[in-house]
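# What the coordinates show
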Amino acid sequence: MKTIVVVVGLVLLVGCAAKGPVVEPKEVVGSGETDAPKAGTLAYDKSVWFALLEHHKSIRREIKHLPNGVEATTESDDPKVAAMIKDHTMAMQKRVRTKAAVRVWDPVFVDLFKNGHLVTMQYTETEKGVRIVETSDDPETVVLLKSHAEGVSE
């Protein structure tokens, strides 16, 4: 039953993404425009997320399943998209550490934020994006990490 809930959550992720506002990278990364959302706010984080969804065809993602988590490399040849990938990764790590939850209607995200203290995150910038290793000693959290990684790749 838990797997079904995870799959439903991932389907909702894709369905909602197509309906959200799209913010072009110039408005998100270093534009200086006064009407752009402010960095560190939920509106800003959402604008980056929707912009990444809009530019998903220019993003490469490789996932390695580890016994205790995942290693994911996410990159783009477009420098603006690569900057957004880096921005988004740092923002989401901060949100998990501070329990500033997003997607509170999605059971995967709810449980990931609830179990965030059980996750070790190692973030490395690459020239064209990021490599992140997320691990846990808790078996349920490992399942959540792997499910989230697959959902992001979708």
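Up top you'll find the structure we're talking about.
Our subject in this report is the structure included herewith.

The interhelical angle for the contact between helix α3 (residues 42–54) and helix α4 (residues 79–98), taken along N-to-C directions, is 135°, at an axis separation of 10 Å. It follows from the interaxial angle that α3 and α4 lie oblique. For the element pair α3 and α4, the recorded crossing hand is left-handed. Across the interface between the two elements, L42, Y44, D45, V48, W49, A51 and L52 of α3 pack against V81, M84, I85, D87, H88, A91, M92 and R95 of α4. Taken together, the residues that form the contact of α3 with α4 break down as 11 nonpolar, one polar and three charged.

Glancing now at the pairing of strand β1 (residues 59–66). Where β1 lies against strand β2 (residues 69–76), eight bridges are found, and the strand directions are antiparallel. Bridge pairing in β2 places L66 opposite G69. Hairpin connection, β1 to β2: the antiparallel pair is bridged by two residues.

Before going further, it helps to examine helix α5 (residues 107–114). Of the positions making up α5, those classed as buried are V108, F109, L112 and F113. Considered in projection along α5, the buried side chains sweep an arc of 125° and stay on one side of the axis.

What follows deals with the sheet that holds β1. The strand order β1-β2-β4-β3 describes an open sheet built from four strands, whose pairing is antiparallel. Each of the sheet's edge strands pairs with one partner strand only, and the pair in question is β1 and β3 (119–126). Each adjacent strand pair in this sheet contributes to an overall mean axis angle of 10°, direction not counted. On top of the sheet, helix α6 (residues 139–153) reaches β1, β2, β3 and β4 (129–136); it is set at about 160° to β1, its chief contact.

Judged by nonpolar contacts, Y44, V48, A51, L52, V81, M84, I85 and V130 together constitute the single largest core of eight residues. Only α3 and α4 provide two or more residues apiece to this core. In this structure, V108, L112, L144 and L145 belong to the second largest nonpolar core, which totals five residues.

Attention shifts here to the environment of D78. Tracing the backbone shows D78 in the loop between β2 and α4. In sequence terms D78 and S58 are 20 residues apart; their C-alpha atoms lie 7.1 Å from each other. Among the polar contacts listed, one links the side chain of D78 to the backbone nitrogen of K80, at a separation of 2.9 Å.

Moving on to the pattern of salt bridges. In the structure shown here, the tally under the stated rule is eight salt bridges. Here K64 makes a salt bridge to E71, at a shortest N to O gap of 4.0 Å. Accessibility expressed as a relative area gives 41% for K64, which makes it partly exposed. A relative accessible area of 19% places E71 in the buried class. A salt bridge links K128 to D77; the shortest N-O distance between them is 2.8 Å. Of this pair, K128 sits in the loop between β3 and β4 while D77 sits in the loop between β2 and α4, and the two are 51 residues apart along the sequence.

On to the environment of S136. Counting through the fold element by element, S136 comes out in strand β4. Separated by 17 residues in sequence, S136 and V119 place their C-alpha atoms 4.9 Å apart. Aside from chain neighbours lying at most four places away, what touches S136 is N68, L118, T141, V142 and L145. Within the local environment of S136, its side chain forms a polar contact with the backbone oxygen of L118, the two atoms lying 2.8 Å apart.

Calculation notes
- Residues numbered from 1 in each chain as written.
- Predicted model: local features only at pLDDT ≥ 70, side-chain atom pairs only at ≥ 80, totals over all residues.
- Heavy atoms only, no water.
- Axes fitted to C-alpha atoms, helices over the stretch in contact; angles between N-to-C directions.
- Helix = DSSP H or I, 4+ residues; strand = E, 2+ residues; numbered from the N terminus.
- Parallel < 35°, antiparallel > 145°, perpendicular 65-115°, else oblique.
- Left-handed = near helix turned anticlockwise from the far one by under 90°.
- Contact = heavy atoms within 4.5 Å.
- Nonpolar A, V, L, I, M, F, W, Y, C, P; charged D, E, K, R; others polar.
- Pairing = 2+ DSSP bridges.
- Buried < 20%, exposed > 50% of the residue type's maximum accessible area, 1.4 Å probe, protein only.
- Arc of directions from axis to C-beta.
- Core = buried A, V, L, I, M, F, W, Y, C linked by side-chain atoms within 4.5 Å.
- Polar contact = N/O pair within 3.5 Å; in protein donor to acceptor, adjacent residues only side chain to side chain.
- Salt bridge = Lys/Arg side-chain N within 4 Å of Asp/Glu carboxyl O.

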